[in-house]
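Remarks on the overall topology
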Amino acid sequence: ICKLPSTTEQSARKTFLFLECTRGNGGLVVDQINDVIEVDTRQLHPPQSNFNPALRSFVSSVLSYNDDLILILDFEKIYDMVCGG
C-alpha cells in the first residue's frame with residue numbers, strides 16, 4: 001500500500017530539473033520524475049501532423065516507450081521564449 005502525499009505535502013515538495021543548452025542554463029519545475037532512460041536516437045520520431053500546434057513548436061520529437069508516448073521538449077526554444085532569446 002502506498003500513501004500518497006496530501007495536497008499540502010505535494011505543494012510543499014518541488015522537483016527541479018536543471019538543463020544546459022547552447023544559449024544558457026535553466027531549469028524546470030516538474031510534477032515528478034518517474035524514470036531516467038537511455039534512448040537511441042533512432043527511436044525518436046517527429047510529432048505527427050495532427051499534434052497540437054501550440055505545443056508542437058516546443059516538442060523536438062516523440063518517443064513510444066512501454067505503451068506510453070513521451071514528448072521530448074526542445075529546451076532551447078523554451079529558453080528563448082522565457083528569456084527573450
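Report follows, based on the coordinates. Along each chain, residues carry numbers from 1 onward, in the same order as the chain's sequence is written. Totals for whole chains, interfaces and linings use all residues, but because this is a predicted model, local features are given only for residues with pLDDT of at least 70 and pairs of side-chain atoms are given and counted only at 80 or more. The basis for the side-chain values is all heavy atoms of the structure; hydrogens and waters are excluded.

In this structure, the largest pocket occupies an estimated 870 Å³ of space. Each cavity reported here is a set of points on a 1 Å grid over the protein atoms alone in which a 1.4 Å probe fits but cannot get out, each pocket an open set with protein on both sides within 12 Å along at least five of seven lines, and each lining residue one with an atom within 4 Å of a point. Residue lining of the largest pocket: 22 residues in total, with Leu17, Asp35, Ile70, Leu71 and Ile72 positioned closest to the centre. Put simply, DSSP H or I for four residues or longer makes a helix, DSSP E for two residues or longer makes a strand, and each gets a number counted from the N terminus. Residue assignment for the lining of the largest pocket shows that the elements contributing at least two residues are β1 (15-21), β2 (24-30), β4 (59-65), β5 (68-73) and α3 (75-83). Considering each element in turn, the lining of the largest pocket owes the most residues, 5 residues, to β5. For the lining of the largest pocket, the class distribution of residues is 16 nonpolar, 3 polar and 3 charged. Grid points are joined across faces, edges and corners, and a volume is the space filled by probe spheres set on the points. In this count, Pro and Cys sit with the nonpolar residues alongside Ala, Val, Leu, Ile, Met, Phe, Trp and Tyr, while Asp, Glu, Lys and Arg are called charged and the others, Gly among them, polar.

Let us now look at unusual backbone geometry. Of note, Asn66 is a non-glycine position whose phi angle comes to about 50°, a positive value. Topologically, Asn66 is positioned in the loop between β4 and β5. Non-glycine residue Asp67 carries a positive phi angle of around 65°. Tracing the sequence through the fold places Asp67 in the loop between β4 and β5. Overall, Asp67 belongs to the exposed group, its relative accessible area being 83%. Whether a residue is buried, partly exposed or exposed follows from its accessible area with a 1.4 Å probe, protein chains only, as a fraction of its type maximum: under 20%, in between, or over 50%, in that order.

Position of Asp74 relative to the elements: it lies in the loop between β5 and α3. No salt bridge is formed by the buried Asp74; the nearest opposite charge belongs to Lys77, separated by 4.0 Å. Whether two residues are in contact is decided by their heavy atoms: any pair within 4.5 Å suffices. Not counting residues within four places of it along the chain, the set of residues in contact with Asp74 comprises Phe58, Val59 and Ser60. When charges are tallied, Lys and Arg are placed among the positive residues and Asp and Glu among the negative ones, while His and the ends of the chain are skipped. Only one rule defines a salt bridge in this text: a Lys or Arg side-chain nitrogen within 4 Å of an Asp or Glu carboxyl oxygen.

Every buried residue of α3 is listed here: Phe75, Ile78 and Tyr79. With its buried residues spanning 100° around the axis, α3 presents them on a single face. For α3, the secondary structure elements touched by its buried residues are β1, β2 and β5. N-capping of α3 is provided by Asp74, with a side-chain oxygen placed 3.2 Å from the backbone N of Glu76. Positive phi shows up at Gly84, right after α3, with a value of about 75°. An arc is given here, and it is the one of the directions from the helix axis to the C-beta atoms. Polar contacts here mean pairs of N or O atoms no more than 3.5 Å apart (in protein, one a potential hydrogen donor and the other a potential acceptor; neighbouring residues in sequence count only if both atoms are side-chain atoms).

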